[in-house]
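Here are the chains, one letter per residue:
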Amino acid sequence: MDADLRAAIMRSVDEGFDEQIAYTRKLVSFASQRGAEFTIQDFLYRDYAARGLAMDRFEMDEAALAAHEGGAPFSAEHSRAPIVVGIHHPRQEKGRSLILQHHVDVVPVGPLDMWEHDPYGGEVVGDRMYGRGAGDMKAGAAANVFALEALRRIGLQPAATVYLQSVVEEESTGNGALQTFLRGYTADAALIPEPEDNMLARGCTGVLWFEVEVRGIPVHVREMETGRDAIGAAMSLIAALRGLAADWNRRAAEHPWFAEGPPPINLNIGCIRGGDWPSSVAAECSFDARIAILPGTPAAQAAAEVEACITAAARAAGMAGNALPRIDWTGFFAEGYVLEPGSAAEAELAAAHARATGKPLESFNTFGYLDTRVHALYDRVPALCYGPLAENIHGPDERVSLASVRRITGAMALFVARWCGLRPIGPTAPGRAG
């Protein structure tokens, strides 16, 4: 790519950036928590169609997902919102195909009095846009659109098929991204602009979600030695799980990619419920947990270790038979992955990043879930997770740096040009973008 074309693409990103900010604010305005993503997906369907993309919209296939090793179990809370895919078909396929994917589901906002800014206002203060999902990952969703728009604005389009995929369930199961794969969408590479601080995520841990329910023997506190405290028993199980996490972190010292740095295995007790009266020994207690697993460890193997740990701790606490805890797998059942260095896609992204930012592309490992695992593990193509700088993700006053968004949008536009190739926009045919 010559210097004049690179400069024209970067100028085009700049020229469209005010519109991109407004578009991002529109996306943030949708309160698209789990199960409530219908309206934002409808908006994106209409928007992509208006931009000339061929459209596909489909629901989750529960049976197909349950049969796949990477599928997570459905629950009453599982989103039924559709997945939306906009497809750019070139008139003649000359370049390498690409998936640009993002998720639109966001986590709950928590106590409103902890927010200084409207969680769904998309307020801009200085370099930051505030709002739930502003960083994770509606700025990335807009970047997917406006990287392609930057090319269109100067009369160019990708010379290969590009799939623009908007999915749900990224924050709870990963089933949305997996469903696109099960639907048959594959490409030569995938790029997901999650908020990764202007870096490339080299790899991520896997994740398991589960609920543990403990039953006690309720009695009056004056006779509490004759009962069994479900809350206390649950605390002992949590302590055992922390021991398991510590053991997995010791194993991480031998992992080729996760041996260095902070311990990668984090156990989080996200919700806990128990008891019904201060002067009664608690009859029941349940807690929801999330634990990471090392890449290369099958989710089923890790789940078996979790179950064995809980059962052993329960027996040690005197529980047996029908009094043993119930364990339900309630969400993520996902293996982690590592993007091995040396792919052509990574080389092209590194070159594009360097041109857009003036700095070399750095990589790191993340201890959170990434939808790129679907493309890395099952499609077996280079899966690039690369995106802007964001702060307070999943916390109050979540925010994203707009200067960072501008830079990564430029890098993405250059990457699409380098990876897919370019051709002039010509007369359109039915169902084609040009």
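Our subject is the structure listed above.
Below is a short write-up of the structure. Owing to the predicted nature of the structure, the values given are computational and were not obtained by experimental measurement. (Residues numbered from 1 in each chain as written. Predicted model: local features only at pLDDT ≥ 70, side-chain atom pairs only at ≥ 80, totals over all residues. Heavy atoms only, no water.)

1. Some words on the overall build of the protein
Logical step 1: The helix and strand tally for the protein stands at 11 helices and 19 strands.
Logical step 2: The C-alpha atoms of the protein give 23 Å as radius of gyration, which agrees with the globular expectation for 434 residues (22 Å, within 12%).
Logical step 3: Based on the C-alpha atoms only, the size of the protein along its principal axes is roughly 80 × 45 × 40 Å.
Logical step 4: Buried positions account for 56% of the 434 residues belonging to the protein.
Logical step 5: Long-range contacts, defined as pairs at least 24 residues apart, comprise 84% of the intrachain contacts of the protein with a sequence gap of at least 6.
Logical step 6: By element, 51% of the accessible surface of the protein is carried by carbon and sulfur atoms, the whole surface being about 17,500 Å².
Logical step 7: In the protein, which carries 39 positive and 55 negative side-chain charges, the distance between the mean positions of the two groups comes to 5 Å. (Helix = DSSP H or I, 4+ residues; strand = E, 2+ residues; numbered from the N terminus. Rg over C-alpha atoms; globule rule 2.2 N^0.38 Å. Buried < 20%, exposed > 50% of the residue type's maximum accessible area, 1.4 Å probe, protein only. Contact = heavy atoms within 4.5 Å. Areas by Shrake-Rupley, 256 points an atom, 1.4 Å probe, with all protein chains shown as cover. Lys, Arg positive; Asp, Glu negative; His and termini not counted. Charge placed at Lys NZ, Arg CZ, Asp CG, Glu CD.)

2. What about unusual backbone geometry?
Logical step 1: Following Asp136, the chain continues into Met137 via a peptide bond in cis, with omega recorded as -10 degrees.
Logical step 2: One non-glycine residue with positive phi stands out, namely His394, at about 70 degrees.
Logical step 3: The residue His394 is located in the loop between β17 (390–391) and β18 (399–401) in this model.
Logical step 4: According to the relative accessible area criterion, His394 is partly exposed, its value standing at 42%.

3. Section: the nonpolar core
Logical step 1: By size, the foremost hydrophobic cluster in this structure holds 73 residues, and its most contacted members are Tyr23 and Leu98.
Logical step 2: Ranked by residues supplied to this core, first place goes to helix α11 (residues 402–420) with 10 residues.
Logical step 3: When neighbours within four sequence positions are excluded, Leu98 is seen to be in contact with Thr161, Val162, Tyr163, Ala187, Ala189, Ala190, Leu191, Phe415, Val416, Trp419 and Cys420.
Logical step 4: Of all hydrophobic cores here, the second largest spans 39 residues; its members include Val214, Ala233, Leu267 and Ala292. (Core = buried A, V, L, I, M, F, W, Y, C linked by side-chain atoms within 4.5 Å.)

4. Some remarks on the pattern of salt bridges
Logical step 1: Summed over the entire model, instances satisfying the criterion amount to 24 salt bridges.
Logical step 2: Here Glu211 makes a salt bridge to Arg273, at a shortest N to O gap of 3.1 Å. One end of the pair, Glu211, is in strand β10 (residues 206–215); the other, Arg273, is in strand β11 (residues 267–274), and 62 residues separate them in sequence.
Logical step 3: Of the charged contacts, one joins Glu391 and Arg399 as a salt bridge, the two residues approaching to 2.9 Å between their closest N and O atoms. (Salt bridge = Lys/Arg side-chain N within 4 Å of Asp/Glu carboxyl O.)

5. Considering the sheet that holds β18
Logical step 1: The strand order β4-β5-β18-β17 describes an open sheet built from 4 strands, whose pairing is antiparallel. Each having just a single partner strand, β4 (124–125) and β17 make up the two edges of the open sheet.
Logical step 2: Alignment of β17 against β18, held across 2 bridges, turns out to be antiparallel. Paired with Glu391 across the two strands is Arg399, which belongs to β18. (Pairing = 2+ DSSP bridges.)

The quantities given are spatial measurements derived from coordinates; they are silent on function.
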